[in-house]
Amino acid sequence: MSGTLPRFPTMPALLSSLTRGINPPSLPRSITVPTLPTLPSMPRGMTMPSLPRGVTLPRAVAMPTVSQAHRRMLQDCCSVLDHQTPGGLCGCCWALRPRYKRLVDNIFPEDPEDGLVKANMEKLTFFALSAPEKLDRIAAYLSERLTRELNRHRYGYVCIAMEALEQLLLACHCQSINLLVESFLRTLRLLLEADKPHLHMLATNSFVKFANIEEDTPSYHRSYDFFVSRFSQMCHSEHEDADTRSKIRVSGIRGLQGVVRKTVDDELQVNIWEPRHMEQIVPALLVNLQQHTHPDSESPAEQTEVCFRELFGRAAYGHINNAIKPVLMHLDSHSLWEGRSFAVRCFQIIMYSIQSQHSHLVIQQLLGHLDANGRSPASVRAGIVEVLSEAAVIEATGSVGPAVLEVFNTLLRQLRQSVDYQLTGYHDNTGKHKTTSVEEKTLQDAVIKTIGSFANTLPVYQRSEVMLFIMGKIPVPGIYPALGSPNAGFEGSRMIQVMLLKSLLQVSERYESSNLLMALPSSFLEPLLSFTLMEDPEIRLLVLSILTSLIDRRHNAARLHASVVFDVSVLELKDSCSRQDVLFMRKHAQRLYRHVYLACKEESSGRGHYQALFTLLAVLSVELANEEVLVDLIRLVLALQELALSNQESLSVFNRCGVHGVCAAFLSLLSQLGPPLQPHVSQVMDSRHRDAPHLLPQHVLCDNPSLPEGDLKVDDSLLFVQSKMFESLSGSSYSSHAERINTPYTPQLTDEDRLSKRKSVGDIVSLQMDMDAQYRPDTQQKPQMEQITFETLKNAIEDRGGVEEEERRKRKEVVERFQTAPFEEIAAHCGAKTSSLQSKLDQVFDLIIRPPPSPSGHSPPRSTPLYEMKFPDLCVY
């Protein structure tokens, strides 16, 4: 269409056409409004085309120079387009824009390098605090400006906008902060989605500042899932530049720390402890914790440790399991158990960070993971066990938890599995994955150490329960069922015995109890002493060590060594023996002496056994030092000396010299503790130094013992004489017990302690079966009235007519009958004889309840016996 160009009105005309009441803004004095060139008039009937919606004319400003006119005009047009409004006259004039927009625009300088205009920022902050209902609009407009500058890659203005948002966040009150947060988080999300590392760091710093703000008002709809995912991704950054990579990772770690800090204390926020979040956060932290290369505090490893400690320090009771499982999965997937150092360090941080009352939850997780890896290689299992050991040491101030025995049961089960794997050579049931004895022994040592570590965290009474529990797990042929697989056989049972006794030794080494009756009850001492009779020398040595550690409450065993020259001043002696110790020795002394005597008769005993025997005797004399015990120990040593001289025992020359050395070392120590034996002991020692050094402990109990050639011959002058010891003790405080030395110690070698109950049952049965025929029901006559005495009662219970040999023979026949005869025959025989004992007891009761004779000579009527009376129910308690 042909025609002339439209004629635009001049700027004054536009200003004059404003609505009444609206004044145009005043311009600076140096600025004049130029007059636009006059365009040809439009033809009649044609109207001026309207501008597109949202497009307004630029402000008229004076052009400084003609060469810059077009550039300034373009800048003004862009500015108008940047600040456009939906329509209306407000878009035509900058002064008619909303005040909050003008305040926001004023904080941006012409040159972004000048930074935020602080004076205008203060005006914006004052306006926001004065009108908090405008905060959402201010934040939305700032976010809009930042988005536009970000799309145009004007990163200077992006930083200015971000700084303005931060200042508004910090300045606003807690009640109105929710109006800003949504726009703020949306802006941070845009920055984190960009591909510029410096924008990621900028967003992270802003988020950390926001996380440190404490909010009073809840937010029900706020989500941090994106930030958890993005910050975790930044922790795994593989940027080609090492410095940039380190900065990105540190920013990611600080961002995760901010997320945890923001959400962990607010129940209305997103639950950061859910598995889907922990599976992202924990591996991201562990990856950086593993790369501990820079000692700088700003390195990823240092920042990770701080964040890791804070994460577990804020974990409540119900969140521990969700936080620990990703740690175990990460260590499994990256094979970090085998290195051990990182796994140990990781759980040390965890144990020191969490609350002490929650420590047992970590232990339970590790035990469950150990069971789950039961068929893994030995190195993996050993790594988990070592972590358990270190965790138990840290948990010493806390509690192992409610399932104390379950902890030890799991560890003992690992020992049993390890023994099976060692015997079969494979650590699985399919026979595809091989293992070696060295690896399994390393695992076994780690498990034994861990058992000791856990036992040290328990109180004394629980340690006693643990020792009884372990003792019940030790297989004893013929008594306890064998542990391990059915194919293990005798060797498997022996190995398990050794492992469990070593575990028991670990528990007993630090067991401290003032009462030996509690430390060594009969239920524990009897099965323990039964192992001293086994042929395996390693088992016997372990038993001697366990006994010594339990009795040695003052830790004197480490200061004792088998020698004739010993300084007792280094020992910690006690003044007197307590009543509990006296009761213990009266109850168990003979059993201890007997097993010490039998241990010296074993041909497979070595130097370690004799040193352990000396230490046990020395500890007994130090811990339980009273006159009666010391005299009994002297009797035992004299009996051991006779044992070494006896030709009936098939002992080697070394065994005999070892026994002589133990006797010499113990009597030398005993002569310095109290009993006046020094003259005689010194005389014998001098003779042995001169004529028979092989009978001294320092010459026989050494690496290269000096033994005589041929049979051992010992002169009487080299022996300790019983009569001379009696003379030495007679004139001292031991005179009341000196007579006992003249009675040689003779243990009953044919009786087993564990069979004593069977023997007592046999005695009772023989009592029922050996009653005289005159007391049978069919031939029983009415007894005559007789005076009740002690002998009457004694004869009513047992028959003393036969000699001792006859009684022993009868008891033996009874035992053999019960072992070989059928059950029906034994039941019938015992049932027929039961009434004889009852009739005899009735006779005794009749004599006891018989009334006294009446002075008139008439016997009173017989009253009903007390045990036959029937009382009302109310009288029975």
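Every chain is numbered on its own, with residues counted from 1 as its sequence reads. It should be noted that, the model being predicted, local features are given only for residues of pLDDT at least 70 and side-chain atom pairs only at 80 or more, the latter also being counted only at that level, while totals for whole chains, interfaces and linings use all residues. Just so you know, side-chain values use all the structure's heavy atoms and leave hydrogens and water out.

### What about the overall build of the protein?
Of regular secondary structure, the protein possesses 35 helices and zero strands. Long-range contacts, defined as pairs at least 24 residues apart, comprise 72% of the intrachain contacts of the protein with a sequence gap of at least 6. Of the roughly 46,500 Å² of accessible surface on the protein, a fraction of 53% belongs to carbon and sulfur atoms. Under the DSSP-based scheme used, a helix requires at least four consecutive residues in state H or I and a strand at least two consecutive residues in state E, with every element numbered from the N terminus. We call two residues in contact when some of their heavy atoms are within 4.5 Å. Throughout, the Shrake-Rupley method with a 1.4 Å probe supplies accessible areas, and for residues the shown protein chains are the sole cover considered.

### Concerning the packing of aromatic side chains
Centres within 6.5 Å make a pair out of two Phe, Tyr or Trp rings, where for Trp the six-membered ring is used; the pair is then stacked when the planes are under 30 degrees apart, edge-to-face when over 60, and tilted otherwise. According to the stated counting rule, one finds 15 aromatic pairs in the structure shown. Measuring from centroid to centroid gives 6.1 Å for Phe-108 and Tyr-157, while their planes differ by 50°, and the two rings are tilted. Linking Phe-108 in the loop between helix H3 (99-106) and helix H4 (118-130) with Tyr-157 in helix H6 (residues 155-171), this pair joins segments that are 49 residues apart in sequence. Under the relative-accessibility criterion, Phe-108 is labelled buried at 10%. Seen in terms of ring centroids, Phe-308 and Phe-312 are 4.9 Å apart; in terms of plane orientation they differ by 65°. Their pairing is edge-to-face. Here Phe-308 and its partner Phe-312 are both found in helix H12 (residues 300-313), four residues apart, which amounts to about one turn of the helix. Only protein chains enter the accessibility calculation, which uses a 1.4 Å probe; a residue is then buried when its area is under 20% of its type maximum, exposed when over 50%, and partly exposed in between. A residue is classified by how much of its surface remains accessible, and Phe-308, at 0% relative accessible area, is buried. Here a set of aromatic residues connected by ring pairs shows up, and it is made of Phe-184, Phe-207, Phe-210, Tyr-224, Phe-226, Phe-227 and Phe-231. Above the ring of Phe-108, the side-chain terminus of Arg-145 is found at 4.2 Å from the ring centroid. To sit over a ring, a charge needs its Lys NZ or Arg CZ within 6 Å of the ring centre and within 35 degrees of the ring normal.

### Some words on a negative patch on the surface
A cluster of acidic residues, Glu-110, Asp-111, Glu-113 and Asp-114, forms a negative patch on the protein surface. Among the secondary structure elements, Asp-111 is positioned in the loop between H3 and H4. Candidates for patches are residues over 30% relative accessible area with no salt bridge; among them, like charges are joined within 9 Å and nonpolar side chains (Val, Leu, Ile, Met, Phe, Trp, Tyr) within 5 Å. A pairing counts as a salt bridge when a side-chain nitrogen of Lys or Arg comes within 4 Å of a carboxyl oxygen of Asp or Glu. Charged-residue counts in this description rest on Lys and Arg as positive and Asp and Glu as negative, His and the chain ends being excluded. Think of each charge as sitting on NZ of Lys, CZ of Arg, CG of Asp or CD of Glu.

### Some thoughts on helix H8 (residues 197-211)
What sets the pattern is the α-helix's 3.6 residues per turn: residues three or four places apart point alike. In this model H8 runs 21 Å from its N-terminal to its C-terminal C-alpha over 15 residues, within 8% of the 21 Å that 1.5 Å per residue would give. With eleven of 15 residues buried, H8 lies mostly within the body of the structure. By this rule, a helix spans an expected 1.5 Å times one less than how many residues it contains.

### Points about the nonpolar core
In terms of nonpolar packing, the biggest core is built from 218 residues, with Phe-308, Val-327, Trp-337, Phe-347, Ile-350 and Phe-408 touching the most fellow members. Of all the elements, helix H26 (residues 627-645) adds the most residues to this core, at twelve residues. If near-sequence neighbours (up to four positions away) are discounted, Phe-347 is found in contact with Val-327, Leu-328, Leu-331, Trp-337, Val-362, Leu-366 and Val-387. Within this scheme, the nonpolar core is defined by two criteria: the residues are buried Ala, Val, Leu, Ile, Met, Phe, Trp, Tyr or Cys, and they are joined through side-chain atoms within 4.5 Å.

### A short note on the environment of Ser-687
For Ser-687, the position within the fold is in helix H28 (residues 678-691). The class for Ser-687 is buried, based on a relative accessible area of 8%. Once the C-alpha coordinates of Ser-687 and Asp-715 are considered, the two residues, 28 residues apart in sequence, prove to be 9.9 Å apart. Sequence-distant contacts of Ser-687, that is, excluding residues within four places in its chain, are made with Ala-692, Ser-717 and Leu-718. Any N or O atom pair separated by 3.5 Å or less is treated as a polar contact, with the protein-specific requirement of one donor-capable and one acceptor-capable atom, and with residues adjacent in sequence counted only for side-chain atom pairs. Only 3.1 Å separates the side chain of Ser-687 from the backbone oxygen of Gln-683, close enough to count as a polar contact.

### With respect to the packing of helix H17 (residues 404-424) against helix H18 (residues 437-456)
Note on method: axes are straight lines fitted to C-alpha atoms, helices fitted across the in-contact stretch only, with angles between N-to-C directions ranging 0 to 180 degrees. As a packed pair, H17 and H18 sit with axes 10 Å apart at the nearest point and diverge in direction by 165°. By the criterion of interaxial angle, the relationship of H17 to H18 is roughly antiparallel. Relative to H18, the crossing made by H17 is left-handed. Along its contact with H17, which presents Val-407, Phe-408, Leu-411, Leu-412, Gln-414, Leu-415, Ser-418, Val-419, Tyr-421 and Gln-422, the element H18 presents Ser-437, Glu-440, Lys-441, Leu-443, Gln-444, Val-447, Ile-448, Thr-450, Ile-451, Phe-454 and Ala-455. Residue polarity is assigned by list, with Asp, Glu, Lys and Arg as charged and Ala, Val, Leu, Ile, Met, Phe, Trp, Tyr, Cys and Pro as nonpolar; anything else, Gly included, falls into the polar class. Grouping the constituent residues of the contact of H17 with H18 by class yields 13 nonpolar, six polar and two charged. If an angle is under 35 degrees, it is roughly parallel; if it is over 145, roughly antiparallel; if it lies from 65 to 115, roughly perpendicular; otherwise it is oblique. Crossings are assigned a handedness: left-handed for a near helix turned anticlockwise from the far helix by less than a right angle, right-handed for a clockwise turn.

### Quick look at the pattern of salt bridges
Any two side chains of opposite charge can pair if their charged atoms end up close together. This structure, assessed with the given rule, holds 30 salt bridges. One salt bridge connects Glu-238 with Arg-249, and the closest N-O pair in it is separated by 3.0 Å. Of the two residues, Glu-238 sits in the loop between helix H9 (225-235) and helix H10 (242-263) while Arg-249 sits in helix H10, which places them eleven residues apart along the sequence. The class of Arg-249 is buried, set by a relative accessible area of 4%. Here Glu-526 ties to Arg-591 by a salt bridge, and the two come within 3.8 Å at their closest N and O atoms. With a gap of 65 residues between them, Glu-526 in helix H22 (residues 522-530) and Arg-591 in helix H24 (residues 579-599) connect regions that are remote in the sequence.

### Things to note about the confidence of the model for the protein
The predicted coordinates of low-pLDDT regions are not to be read in fine detail. Summary statistics for the protein give a mean pLDDT of 77 and a share of 73% for residues scoring 70 or more. The quantity called pLDDT is the predictor's confidence in a given residue, expressed from 0 to 100. Element-level pLDDT for the protein is lowest in helix H32 (residues 756-769), with a mean of 34, against a maximum mean of 93 in helix H13 (residues 320-333). Here residues 1-43 is modelled with pLDDT under 50, and outside its nearest four sequence neighbours on either side it reaches 43 contacts, counting other chains as well. A low-confidence stretch, residues 854-858 stays under pLDDT 50, and its non-local contacts, those more than four residues away or across chains, total one contact.

### Describing the state of the cysteines
Cysteine sulfur atoms that pair up within 2.5 Å are treated as a disulfide. Enumeration over the complete set of coordinates arrives at zero disulfides. Between Cys-307, a cysteine without a disulfide, and Cys-235, which holds the nearest cysteine sulfur, the sulfur-to-sulfur distance is 7.8 Å. A residue is classified by how much of its surface remains accessible, and Cys-307, at 2% relative accessible area, is buried. Lacking any disulfide linkage, Cys-663 is separated from the closest cysteine sulfur, that of Cys-600, by 7.2 Å. The buried category is assigned to Cys-663, whose relative accessible area is 2%.

### Some thoughts on helix H7 (residues 178-193)
Spanning 16 residues, H7 covers 23 Å between terminal C-alpha atoms, matching the ideal 22 Å at 1.5 Å per step. Those residues of H7 that sit buried are Leu-180, Val-181, Ser-183, Phe-184, Leu-185, Thr-187, Leu-188, Leu-191 and Leu-192. In the core, the buried residues of H7 are packed alongside helix H5 (135-151), H6, H8 and H9.

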